[in-house]
Amino acid sequence: MKIVVVGGTGLIGSKLVKKLRERGQEVVAASPTSGVNTLTGEGLADALKGASTAVDVTNSPSWEDAAVLKFFETSTRNLLDYEAAADVQHHVALSVVGTERLLESGFFRAKLAQENLIKASSIPYSIVRATQFFEFVKNIAGVSTEGNIVRLPPALFQPMAAEDVAGAIARIAMGSPVNDTVEIGGPEQFRLDELIRRDLAARKDPREVISDPHARYYGIEVSERALVPNDDARLGETRFEDWLRQATQQVPHLQPA
Ligand SMILES: NC(=O)c1ccc[n+]([C@@H]2O[C@H](COP(=O)([O-])OP(=O)(O)OC[C@H]3O[C@@H](n4cnc5c(N)ncnc54)[C@H](OP(=O)(O)O)[C@@H]3O)[C@@H](O)[C@H]2O)c1
């Protein structure tokens, strides 16, 4: 089974490529780094030749409203066209839990446009909606910081490890298309402000986290349950505290002999 991972050099893509290879699959990691560009079509025909499945884990280099919409629309259209020409039988794409509840944001309008193009195409598909990655928590603190203050709403939050995201996508990519959306999330629910407070404390980051129901999440107001998955979501195993302990572990200094 040949599987093409488009965005195979990214955070999720690189983990996914490794997992699929460990499970004996023939995998092509496709991205601009390896001469495959979904915006221009460059390299796509060659990469998809003989593939049964294509997984889209690309991300837009810019999250500005117009740029991100252009990225996901153009990239998805091209990918689906080249997949149809190569007779690919399963298109898997990574999207975000709660997308339809977050449409005040240009990024999520772009993700919804991506999902709609996939659903309208003739290629059997599986859309995987994941919650935020643990690795993304730092970024959330960054965009919510003013001076020494991080202002965040106490919305429910159920993030997961990138490793578990890749594991779930690997299983889905090796299975039959569900022609539907599957949700995946972390094993525990937190309040967003509380989790960021824990993350910063573990990193000895002096910023103070203030809980504010009207604080914005990437520029938009989020309701209490906007970011959490449905009850039937498949849950990852890695707990945040375990991941954080590993992520913040100091590499011991080697003593000179
Ligand atoms: N952040 C979160 O918490 C979260 C939660 C749920 C879902 N997601 C979704 O997860 C997906 C992957 O995220 P990530 O963090 O793994 O992304 P990432 O680390 O930023 O990687 C992006 C990948 O896209 C590739 N790419 C960029 N432009 C391309 C183009 N024109 N043609 C082909 N490939 C291109 C990059 O290739 P190069 O390395 O060669 O540039 C890279 O491999 C995104 O769609 C995102 O919406 C994210």
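Residues numbered from 1 in each chain as written. Predicted model: local features only at pLDDT ≥ 70, side-chain atom pairs only at ≥ 80, totals over all residues. Heavy atoms only, no water.

Undergrad: Residue-level account of the sheet that holds strand S1 (residues 2-6), with values.
TA: Within a sheet, each strand pairs with its neighbour through backbone hydrogen bonds, oriented either parallel or antiparallel. The seven strands lie next to each other as S2-S1-S3-S4-S5-S9-S12, forming an open sheet whose pairing is parallel. Edge positions in the open sheet fall to strand S2 (26-30) and strand S12 (234-235), since each of these has one partner strand only. Of the strand pairs in this sheet, strand S3 (residues 53-56) and strand S4 (residues 90-96) are connected by four bridges, and their pairing is parallel. Paired with Thr53 across the strands is His90, a residue of S4. Contacts between helix H4 (residues 106-120) and the sheet are confined to S3, S4, strand S5 (125-130) and strand S9 (180-185), with S4 contributing the most and set at about 160° to the helix. Its contacts with the sheet put helix H6 (residues 162-174) on S1, S3, S4, S5, S9 and S12, and the angle it makes with S4 is roughly 155°. (Pairing = 2+ DSSP bridges. Helix = DSSP H or I, 4+ residues; strand = E, 2+ residues; numbered from the N terminus. Contact = heavy atoms within 4.5 Å. Axes fitted to C-alpha atoms, helices over the stretch in contact; angles between N-to-C directions.)

Undergrad: Tell me about the pattern of salt bridges, residues and numbers included.
TA: Any two side chains of opposite charge can pair, so long as their charged atoms come close to each other. Considering all chains together, one arrives at 19 salt bridges under this definition. Three or more residues are tied together by salt bridges with common partners; here these are Asp193, Glu194, Arg197, Arg198 and Glu241. (Salt bridge = Lys/Arg side-chain N within 4 Å of Asp/Glu carboxyl O.)

Undergrad: Talk me through the side chain of Asp199; I want residue IDs and the actual numbers.
TA: Here Asp199 lies in helix H7 (residues 192-202). Residue Asp199 is classed as buried on the basis of its relative accessible area of 1%. A distance of 2.9 Å separates polar atoms of two side chains, one belonging to Asp199 and the other to Arg203. Excluding residues within four positions of it along the chain, Asp199 makes contact with Val137, Phe240, Trp243 and Leu244. (Buried < 20%, exposed > 50% of the residue type's maximum accessible area, 1.4 Å probe, protein only. Polar contact = N/O pair within 3.5 Å; in protein donor to acceptor, adjacent residues only side chain to side chain.)

Undergrad: Summarise the sheet that holds strand S6 (residues 145-146); cite the residues concerned and give the values.
TA: Ordered by their spatial adjacency, three strands build an open sheet running S6-S7-S11, and the pairing between neighbours is mixed. Where the open sheet ends on each side, the last strands, each with one partner, are S6 and strand S11 (208-211). Pairing of strand S7 (residues 149-152) with S11, which is carried by four bridges, proceeds in the parallel orientation. Residue pairing in the sheet places Arg151 in a bridge with Ile210 of S11. Sheet contacts for H7: S7 and S11; angle to S11, the most-contacted strand, approximately 175°.

Undergrad: Which residues make up the layout of surface pockets, and what are the values?
TA: Each pocket or cavity is described by its volume, and for the largest pocket that value is around 850 Å³. What lines the largest pocket is a set of 38 residues, and nearest its centre among them are Thr58, Asn59, Trp63, Phe72 and Phe107. Elements supplying a minimum of two residues to the lining of the largest pocket: helix H1 (11-22), helix H3 (65-85), S4 and H4. When residues of the lining of the largest pocket are assigned to their parent elements, the largest contribution, four residues, is made by H4. Counted by class, the lining of the largest pocket contains 21 nonpolar, 14 polar and three charged residues. (1 Å grid on protein atoms, 1.4 Å probe; cavity = no way out; pocket = protein on both sides within 12 Å on 5 of 7 lines; lining within 4 Å. Points joined across faces, edges and corners; volume = space filled by probe spheres on them. Nonpolar A, V, L, I, M, F, W, Y, C, P; charged D, E, K, R; others polar.)

Undergrad: Account for the site of the ligand, with residues named and values stated.
TA: Taken together, the neighbourhood of the ligand is formed by 27 residues, with Thr9, Leu11, Thr33, Thr58 and Lys111 sitting nearest. Within the backbone of Gly7, an N or O atom sits 3.2 Å from an oxygen atom of the ligand. Taken by itself the ligand offers 950 Å² of open surface, and the protein chains cover 83% of this. Using a 2 Å cut-off from the grid points, one finds that the ligand occupies the largest pocket. (Near = heavy atom within 4 Å. Areas by Shrake-Rupley, 256 points an atom, 1.4 Å probe, with all protein chains shown as cover. Sits in = over half its atoms within 2 Å of the grid points.)

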